[in-house]
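# Architecture at a glance
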Amino acid sequence: MQTYLVDIAIVTALKIERDAVLSRLDEYEVIKEDFEPQVYYRGSIKIPGTNECYTIVVTLLLDMGNDEAATATTRLLQRWQPANLFMVGIAGGVRDKVELGDVVVAKFVFYYEPAKLTAAGEQHRSEQFPTDTLLRSRAYFYEAAEWKSKIAVVRPGTRQLKDTLPNVHFEPIASGEKVIADLETLPQLLQACPKLAAVAMEGAGVARAARSHNTPPRFVEIRGICDFADPDKNDDWHCYAANAAAAFTIGLLHDRPVPPLNTERLLNKSEKPLLIICAQSLPNRVIAPDEILSGLNDDLKGRTRERVSLDFTPLVKGGIFTDLTPAIQQLTDPQGVFATTIARSHEADLVFHGLAHIPLLVLMGHLISDRVPVKFYDFHPSPGSDTWAWPNKEQNFPPMEVYGLPGSRSWPAKDVVLRVSVSYKVLSDQALTAAPSGAIEIDLTVVPEPVRGVVQSEEQVREYGRVFRRTLDWIAQNLPAGQRVHLFYAGPVALAFHLGQQISENIHPPVTVWNYHRGYDWAIDLEKAYIGEECVVQPPSGYDQM
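About the thresholds
Residues numbered from 1 in each chain as written. Predicted model: local features only at pLDDT ≥ 70, side-chain atom pairs only at ≥ 80, totals over all residues. Heavy atoms only, no water. Core = buried A, V, L, I, M, F, W, Y, C linked by side-chain atoms within 4.5 Å. Buried < 20%, exposed > 50% of the residue type's maximum accessible area, 1.4 Å probe, protein only. Helix = DSSP H or I, 4+ residues; strand = E, 2+ residues; numbered from the N terminus. Contact = heavy atoms within 4.5 Å. Pairing = 2+ DSSP bridges. Axes fitted to C-alpha atoms, helices over the stretch in contact; angles between N-to-C directions. Left-handed = near helix turned anticlockwise from the far one by under 90°. Polar contact = N/O pair within 3.5 Å; in protein donor to acceptor, adjacent residues only side chain to side chain. Salt bridge = Lys/Arg side-chain N within 4 Å of Asp/Glu carboxyl O. Parallel < 35°, antiparallel > 145°, perpendicular 65-115°, else oblique. Nonpolar A, V, L, I, M, F, W, Y, C, P; charged D, E, K, R; others polar. Phe/Tyr/Trp six-rings, centres within 6.5 Å; stacked < 30°, edge-to-face > 60°.

### Points about the nonpolar core
Formed by 146 residues in total, the largest nonpolar core has its most connected members in F86, V420 and V422. Top contributing element to this core by residue count: helix α7 (residues 238-254), with 11 residues. Leaving out residues up to four positions away in the same chain, V420 has contacts with M400, V426, L444, F468, L487, F488, Y489, A490 and L499. By size, the runner-up hydrophobic cluster in this structure holds 23 residues, among which are V6, W80, V206 and F219.

### Considerations on the sheet that holds strand β17 (residues 349-355)
Pairing is parallel in the open sheet, where 4 strands are placed in the order β14-β13-β17-β18. At either end of the open sheet lies a strand with only one pairing partner, and these are β14 (305-311) and β18 (374-376). Strand-to-strand twist of the sheet, defined as the mean angle between neighbouring strand axes without regard to direction, takes the value 25°.

### Focus on the packing of helix α14 (residues 458-478) against helix α15 (residues 493-502)
At their nearest, the axes of α14 and α15 sit 9 Å apart, and the two run at 35° to each other. Relative to α15, α14 is oriented so that their crossing is right-handed. Touching V461, R462, Y464, G465, F468, R469 and L472 of α14 are A494, L495, H498, L499 and Q502, all from α15.

### A word on the side chain of D525
Counting through the fold element by element, D525 comes out in strand β24 (residues 520-525). Polar side-chain contacts of D525 include one of 3.1 Å to the backbone nitrogen of E527. Engagement of the side chain of D525 in a polar contact is seen with the backbone nitrogen of K528, the distance being 3.2 Å. Excluding residues within four positions of it along the chain, D525 makes contact with R484, V511, T512, C535 and V537.

### What to know about the pattern of salt bridges
Across all of its chains, the model carries 25 salt bridges by this definition. The residue R466 makes a salt bridge to E459 at a minimum N-O spacing of 2.5 Å. Judged by relative accessible area, R466 falls into the partly exposed class, the value being 35%. You can call E459 partly exposed: its relative accessible area is 29%. Put simply, E463 and R466 hold a salt bridge, and the shortest N to O gap is 3.0 Å. One end of the pair, E463, and the other, R466, are both in helix α14, 3 residues apart, so they sit about a helical turn from each other. Overall, the relative accessible area of 23% leaves E463 in the partly exposed class. Here the salt bridges do not stand alone but share partners, grouping E127, R208 and R211 into one network.

### Brief notes about the environment of I151
On the secondary structure map, I151 appears in the loop between α4 (146-149) and β10 (168-175). Look at I151 and you get buried, because its relative accessible area is 2%. Sequence-distant contacts of I151, that is, excluding residues within four places in its chain, are made with R24, P166, Y240, N243, A244 and A247.

### Considerations on the side chain of D227
Here D227 lies in strand β12 (residues 218-227). For D227, a relative accessible area of 5% translates into the label buried. Of the polar contacts made by the side chain of D227, one reaches the side chain of K233; its length is 2.7 Å. What D227 contacts, discounting residues up to four positions off in sequence, is A91, G92, G93, L100, K233 and N234.

### Looking at the sheet that holds strand β23 (residues 511-516)
Read from one edge to the other, the open sheet built from 7 strands follows the order β19-β21-β20-β22-β23-β24-β25, with strand pairing classed as mixed. Looking at strand neighbours, the two that pair on one side only are β19 (400-403) and β25 (536-537), the edges of this open sheet. Pairing analysis gives 2 bridges linking β24 to β25, with the strands arranged antiparallel. Bridge pairing in β25 places I524 opposite V536. In the packing of α14 onto the sheet, contacts are made with β19, β20 (416-421), β21 (440-446) and β22 (485-490), and the angle to β21 comes to roughly 165°.

### Quick notes on helix α6 (residues 203-212)
Residue pairs spaced three or four apart in an α-helix point in one direction, given the helix's 3.6 residues per turn. The buried fraction of α6 is high, at 7 of 10 residues. Of the residues making up α6, those classed as buried are G203, A204, G205, V206, A207, A209 and A210.

### Quick look at the environment of E221
Note on placement: E221 falls in strand β12. Here the alpha-carbon distance between E221 and V104, two residues 117 residues apart in the chain, equals 8.3 Å. Not counting the four nearest positions on each side in its chain, E221 is found in contact with M87, V104, V105, A106, V109, T131, I173, A200 and G203. Here R223 takes part through its side chain, which lies 2.7 Å from a polar atom of the side chain of E221.

### Details of the packing of helix α12 (residues 358-368) against α15
The contact between α12 and α15 brings their axes to 6 Å, and the two run at 45°. What the angle tells us is that α12 and α15 run oblique. The hand of the α12/α15 crossing is right-handed. Together, I358, L361, V362, M364, G365, H366 and I368 of α12 and V493, A496, F497, G500 and Q501 of α15 make up the contact between the two elements. For the contact of α12 with α15, the class distribution of residues is 8 nonpolar, 4 polar and no charged.

### Focus on the pairing of strand β13 (residues 274-280)
For β13, a buried count of 7 out of 7 residues is recorded, marking the element as mostly surrounded by other parts of the structure. Of the two faces of β13, the one carrying L274, I276, C278 and Q280 and the one carrying L275, I277 and A279 are both buried. Examined bridge by bridge, β13 and β14 share 7 bridges and lie parallel to one another. When the bridges of β14 are listed, Q280 appears paired with D311. In terms of strand pairing, β13 meets β17 through 7 bridges, oriented parallel. When the sheet's bridge partners are listed, A279 is paired in β17 with G354.

### Describing the packing of aromatic side chains
Evaluation of the coordinates by the stated rule reveals 14 aromatic pairs. An angle of 75° between the planes, with centres 6.2 Å apart, marks the rings of Y28 and Y41 as edge-to-face. Of this pair, Y28 sits in strand β2 (residues 27-31) while Y41 sits in strand β3 (residues 40-46), and the two are 13 residues apart along the sequence. Judged by relative accessible area, which is 10%, Y41 ranks as buried.

Given below as C-alpha cells:
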C-alpha cells in the first residue's frame, strides 16, 4: 500500500456534502481498497498565485452518528496520516443567532449526550472538544468574499445568486446521536451551552478519533445552516447549506492557512526570518528591544528579525494584576498579535523570551502547542554580565524525578495537585490552600534539590518538558473523567512556556495553572481560556490582591 503526504482530510456524513466538496477539487480519483469498507477520494487543491498545492483525501461516512464517525475517522487517520482534519457539512442552527445558509466554524464541539442515570434522574456530563487554534484563527482572518459567489447553487426563495449572502460565525457546535426536530431540545442545550450556534451529529466522533490518534491532526468543524432544528425542519436548504460550507472550506484552503507538507520539507530553514516573541508583565524589569541579540546563537544572528511584543505591564501594579481579562484576551483573540504570530509560524522561526507571570506563560505555550517548534531563551543575571545566552552547552544536568504517582491504576475520583519544583521548592501546605480538598499530590522536582539558575541549556528545558509530558500522559490514562490537574510551578520563564506546549487540549485532563504572590492568589483554567470562556479562577478562601 503506497503512502502519500496528505495535507487535509475531509469527513462528510451525507452524499450532498461529499459532492459539494468534490466538485471544488481541482482533480480527484476514487480509492477502493481490499478489505477496507471506506471509500476515499484523493485529490488536490492548487493554491492560487503559487506553485504549491494541497493533497486532499475526502471520505463519506457509511452511517449517521458519532460511533460511525469515530470508527471511520480512525480508519482514515491510520491509513492516510493527514496533518489536518476537517468535518464539513450541514447543521441545524440556533434561531436569532444565525440565518439559513450561514456558515458556522466551531470554536469547540459540545458533546451533550454523556449522562449518568441516578435515582434523582439523569445527570448530564457533557464534553467539549476544542478545535485547533491555528485553523480557527486562519478561518477568522479569512475575509475574502469570493467564496460566497462560488456557492454555485440558487439560494432557496431567491431567483439570483447575489440576492443575499451568508455570514460566517465562530461559535460552539453541538453534537449528539439524534436528529433534533422539536421545540424542547435546543432550549435545553442552550442552558448548558449559552453560546451554542448550531447542532449536528458526527462532530464529536470525528473530534474524539482525532484526539485519540497517535499523532493528533489539527481539527476543525465547518457547517452550513440548513434549518433551525424545530418541527419546521425540512430538506429545502440542504443543497445550499452543503455548498456554502464547502465553498468556505475550499476558499479558506485557497488562502493557504497552513503550509503544504511538501513545502515544509523542501524549505531551507536557514533562509527563514525570525519572529522574536517578548512577553513581559514585571514593571520593574523592562526588556530592551535588542536585548535578546547577545544571547542568540551564531547561526541565528544573521537572520532577518521581527520583534513581537506582548507587554502586560500597564495592567500590573505592585506586582499584582489590576485586571487579568485584557491580558488573557490579548493572547486568545483570533485577530490579536499573538494569534497572528502563531499563524505565521510556517513562514518564520519562532523565538521566545520574556519575564512574565507563570499562568500567562503556560497559556502562551499551550496556545502555540508543541506542533509549532520554538527556540527558547532565558534571562541569566550575574554581576556585571546579565545575558540571555544559555550558560551551559553541555548535556549533563540534574535530573527531574517524579514522586507520588498512585500505585493503583484505579484512582479515586479526586483532582490532582501537580507541583513542579525547579528554581524553588513548591510547598505542599501553600498549594493545598488553593487546591480542592483531598486532591492527589504528585511532585516533579529537580534532584538533589531545586535551586535558582539550575536550568542552563535549551536541551535541559526540553528534557524537563518530556518528563512533564510523560507524567501528564500517565495521569490522563488513569484519572477519572471530570477531574482536573492543578499546576503549581516554580521555575524559569522558558520552561513555564514549554510546559504549556506539552499540555494537550485533546489528550490531557483540564489544567488550572496557579500564580504565586505571597501565596497562590489566582489561576487560569487553560481549557476555558482555549475556547474563549471566562477562565480566571480564585482560590477557595479568596484574596484581596485582585
